[in-house]
Structure formats: structure tokens, C-alpha cells
Amino acid sequence: MRGTKLLAAGAVAALALTACGTSTPAQKEGEQFTYWSMWKETEPQAKVIKAAIEKFQKDTGVKVTVEWQGRDVKTKIGPAIAANKAPDLMDQGADSIYTSLASSGQAADLSSVYDMEVPGEGKKVSDVLPAKYIDALPKDPEGVSKYVVPYELVSAAYYYNGADPDLATLPATWDEFVKLCDTLKAKGKACVASDGDNAWTNELLLDYLIVRDNGNGALGKAVNDKTGAAWDQPGLKESLKRVEDFVKAGYILKGYDASKYPAQQTNWAQGKAAFHLDGSWVPSEAQANLASGFKVKAMPVPATKGGNTEADLVMFGFAVPKKAKNPEPAKKFMAYFLKKDVLSGISTEAKNITPRADIPAPEELADVQKMLTDNPARIILDNAPGDYMDKVFTPAFNDLWLGKATADQFVAKIKEAQVSYWKTAG
């Protein structure tokens with residue numbers, strides 16, 4: 001899985017199994033709901049969800065019809081709502097749910113789900129889902145942020161080989177990180193690996209440095225400034241200068257400017273660079289290419305003098321369209337899926353992190369889970385609009401990252417593009 005730019009849609013298949021045995025006291029005769037999933041049926045997450053659906057149907061008698069729509073669910077949901085054919089339940093990245101549903105007031109308020117008991121645990125949903133994750137989400141037009149019930153978390157970190165003696169002492173600050181890169185360079189070893197065409201991943205460094213230097217929300221404020229003048233702020237320029245200096249210092253594995261993903265990620269896995277900044281899918285993606293004895297570990301982008309330690313966050317979870325015809329049984333399923341013995345499959349089978357702190361992450365993601373648990377959470381790239389990133393931010397950043405522009409030239413380019421973008425976007 002690769003962040004919010006995940007693979008294209010998979011085949012659609014239906015699962016509509018009728019439960020055996022008696023229904024629970026709360027069961028209404030003929031209760032059912034439809035569910036459109038972002039996963040392809042063969043993906044690990046789909047297998048976990050399918051097993052949960054089968055058990056839920058058996059335990060409750062509720063009939064579930066699921067279509068494994070794949071990533072296209074985010075583009076199909078709008079037309080389905082317009083045609084009054086919306087599913088009762090869907091899942092996607094929280095950023096996509098906000099863009100396709102919540103931002104226009106089309107997502108149901110799921111506060112009632114957070115007040116439900118997780119079946120058999122004597123705890124409410126709100127007791128097992130840390131509030132900081134939901135609080136990080138942008139609010140819909142009615143001021144609601146509980147339009148998603150998350151079941152999987154993704155974050156970005158520097159991945160490294162815990163068995164590498166050169167990395168026995170990790171840097172706690174950005175200045176220490178730069179010094180370590182100098183030391184590695186002197187030994188003929190690249191500090192970081194980066195695929196030049198993997199813009200979203202590369203941008204995460206600037207994203208982190210802006211929040212480290214300026215605090216959470218600083219990037220979002222700059223993005224939403226229709227004049228572009230916010231990019232002239234000294235704090236933002238300081239973050240940009242850090243990136244410029246990092247590129248000029250030659251810390252990035254040579255050839256990155258012409259590389260195609262996953263070439264440099266593979267080189268990192270083979271020990272040709274010390275660090276690789278990417279999402280928490282990296283251990284799974286790189287597993288087949290890891291050098292013998294490679295022990296995948298992770299550390300955060302170090303703090304700068306600003307002292308901010310937020311962990312970047314992408315959530316995948318459930319949402320209910322306001323026009324859903326059968327929202328109540330869909331809500332019951334959400335609470336059911338958060339049962340520890342059910343949700344644990346996201347960790348043990350899908351090899352990802354869940355929002356429940358009492359479900360251990362896979363060993364290779366234990367460091368990332370600790371970062372999320374121990375630090376404030378914030379949405380990656382401050383939930384900047386996807387078309388803004390494509391048209392405005394990424395072209396300017398690519399020039400900076402590939403050594404074609406200075407920090408000042410980045411500012412000039414992004415300001416011009418941003419003014420044009422907001423004139424068109426309104």
C-alpha cells in the first residue's frame with residue numbers, strides 16, 4: 001500500500017451471506033446494509049474485513065452486501081449520492097472522505113458510533129479510539145469531525161537498519177542529523193535514499209520541517225493564503241533553506257534525480273543509504289529486497305529549534321453517506337469491527353497499525369506506533385487539496401528537491417502559481 005496515492009481500482013465482487021442461528025436481541029428482522037470498500041478483494045485488509053463480515057453476520061443476523069470497489073470508490077461515491085444510490089457504508093483514507101463527502105456536508109455525523117459499546121468489552125468506541133486522531137481532522141460545514149471511524153493508521157518516518165553500527169546513536173535534533181550525514185558522507189555512504197519521481201514521499205521532509213519550525217497548521221495557512229504572501233514568512237523560509245542546504249550538501253544517494261520508484265528504496269534496503277523517509281508501508285514493500293541481517297527500525301524527523309514533535313498521520317476508516325438508506329446496521333458493524341479480537345487482524349494479517357493502543361503493531365512498525373502514541377498527531381500536509389498539490393506545491397518542490405531551485409526561487413514560483421490557483425478555485 002502506498003499512502004493516499006494507492007493502486008487503481010480492483011474487481012467488484014459481492015458478499016451477501018445470511019447468518020445462521022438466532023439473532024441478537026437488538027436485531028430487527030431483515031436488517032441489512034450495503035458496503036463499498038476501497039480494497040481489492042485479494043488485498044490483506046480485504047481479507048480481514050471479509051472475515052469480520054462473515055462473523056458479524058453470524059453473530060447478528062444482519063445481511064451485508066459488500067462490493068470491493070478498489071480505490072475508485074472515492075470518485076464513484078459522488079455520482080452515487082447524486083443518483084440516490086449511495087451505499088450505506090464506505091471506507092477510504094480520511095483525507096479522501098473529507099474531500100468527497102464531508103467537505104460538502106454529505107457525510108453523516110458518527111458521534112452515535114463513538115457512544116456505542118464495543119461488543120463484549122464493556123468499553124465505548126470513544127474509549128478505544130484516542131480523541132487526538134479525530135481532533136486532527138478538518139471539520140465539515142457543521143463543525144463535525146466525527147465523520148470517520150478509523151481502523152488503520154499510517155505515518156511517515158525515517159527508516160533505517162537497526163543493525164548498522166554507524167547508526168548506533170540516533171540524532172535527537174536536526175543539527176545532529178546533519179552532523180551524522182556529514183560523518184556518513186565522509187565514509188563514502190549516502191545519508192538518505194530518495195526516488196526523484198516519488199514526489200509525495202519526498203515532500204514529507206518539507207512537511208515535517210515546516211511543522212517542526214513553525215508549529216502545526218503553518219503549512220495549511222500558507223496553502224490557503226490566496227495572495228501567496230504567507231510563503232514570505234521567515235519561519236517558512238527557514239524550513240525551505242534547510243531543504244536547500246540538505247540537497248546542496250550531497251547527502252542524497254547519487255542518481256536520485258533521475259531514479260524511478262522503487263529503485264532507490266531498493267538501494268536503501270540493500271544498505272547503500274542509511275535512511276529512507278516514507279510511509280509505514282515501507283517494511284512490507286521492501287521486505288523482499290532487504291540485505292541479510294537488515295533490521296528495519298524507524299525514527300522521527302528530528303526536532304528543530306522549534307521543538308515541535310508532531311507525528312504525521314493518515315487514517316483509513318469507515319464513513320456513512322448522509323443519504324444512506326440503512327445507516328444503523330452499518331454503524332453496528334463499525335463498533336463490531338473495533339473489537340480487539342477482530343481489529344487485531346489489521347496488525348497480524350495486514351501488517352499495519354491500528355488506532356487501538358492495546359493492539360501491538362507488527363514488530364517492524366513498533367517504533368512508528370510509539371511515535372503516534374507518544375506525540376501529538378497531525379494530518380499529513382495539513383490536508384492540502386490534492387489538485388493544489390499537483391498544480392502548485394509539487395512543481396515548486398520538485399525543483400527545490402532536485403537541486404534546480406533555491407528556497408527563494410521556490411517561494412517566487414509557488415506564490416505565482418498559488419495566486420492563479422485560488423483565482424480559478426475561488
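Details of the structure are given in the entry above.
Residues numbered from 1 in each chain as written. Predicted model: local features only at pLDDT ≥ 70, side-chain atom pairs only at ≥ 80, totals over all residues. Heavy atoms only, no water.

> Can you walk me through the pattern of salt bridges in this structure?
Once their charged atoms are close, side chains differing in charge can pair, the charge on each being opposite to the other. Here the structure, examined in full by the defined rule, presents 23 salt bridges. A salt bridge links Asp-245 to Lys-241, with the shortest nitrogen-to-oxygen separation between them at 2.7 Å. Taken as a pair, Asp-245 and Lys-241 lie in helix 10 (residues 234-248) at a separation of four residues, close to a single helical turn. Under the relative-accessibility criterion, Lys-241 is labelled partly exposed at 39%. For the salt bridge of Lys-331 with Glu-328, the shortest nitrogen-to-oxygen distance reads 3.5 Å. (Salt bridge = Lys/Arg side-chain N within 4 Å of Asp/Glu carboxyl O. Helix = DSSP H or I, 4+ residues; strand = E, 2+ residues; numbered from the N terminus. Buried < 20%, exposed > 50% of the residue type's maximum accessible area, 1.4 Å probe, protein only.)

> Would you take a moment to explain the state of the cysteines for this structure?
Linking two cysteines covalently through their sulfur atoms gives a disulfide. All told, the structure shown has one disulfide when counted by the stated rule. Disulfide partner of Cys-181: Cys-191, at an S-S distance of 2.1 Å. Every disulfide takes its handedness from the sign of the S-S torsion; for Cys-181 and Cys-191 that torsion is -50°, giving left-handed. With Cys-181 in helix 7 (residues 174-186) and Cys-191 in strand 9 (residues 190-193), this pair connects stretches of sequence that are 10 residues apart. By relative accessible area, which is 0% here, Cys-181 ends up buried. (Disulfide = S-S within 2.5 Å.)

> What is the right way to read the layout of surface pockets from this model?
Empty space left among the atoms is revealed by rolling a probe the size of a water molecule over them. The computed volume of the largest pocket comes to approximately 990 Å³. In terms of lining, the largest pocket is formed by 38 residues, of which the most central are Asp-95, Asn-383, Ala-384, Pro-385 and Gly-386. Of the residues in the lining of the largest pocket, the class split is 18 nonpolar, 12 polar and eight charged. (1 Å grid on protein atoms, 1.4 Å probe; cavity = no way out; pocket = protein on both sides within 12 Å on 5 of 7 lines; lining within 4 Å. Points joined across faces, edges and corners; volume = space filled by probe spheres on them. Nonpolar A, V, L, I, M, F, W, Y, C, P; charged D, E, K, R; others polar.)

> How should the sheet that holds strand 10 (residues 273-279) be read in this particular structure?
Within a sheet, each strand pairs with its neighbour through backbone hydrogen bonds, oriented either parallel or antiparallel. As summarised here, the arrangement of the four strands in space is 9-10-8-11, forming an open sheet in which the pairing is mixed. Bordering the open sheet on either side are strand 9 and strand 11 (296-299), each of which pairs with just one other strand. This sheet shows a mean twist of 30° between the axes of neighbouring strands, independent of strand direction. Along the sheet face, helix 15 (residues 366-374) touches strand 8 (156-161) and strand 11 and points at about 20° away from the line of strand 11. (Pairing = 2+ DSSP bridges. Axes fitted to C-alpha atoms, helices over the stretch in contact; angles between N-to-C directions. Contact = heavy atoms within 4.5 Å.)

> How should helix 15 be read in this particular structure?
In an α-helix there are 3.6 residues to a turn, and that puts residues three or four apart on one side. Listed in full, the buried residues belonging to helix 15 are Asp-367, Val-368, Gln-369, Met-371 and Leu-372. The inward-facing, buried residues of helix 15 contact helix 6 (131-135), strand 7 (149-154), strand 8, strand 11 and strand 12 (311-319).

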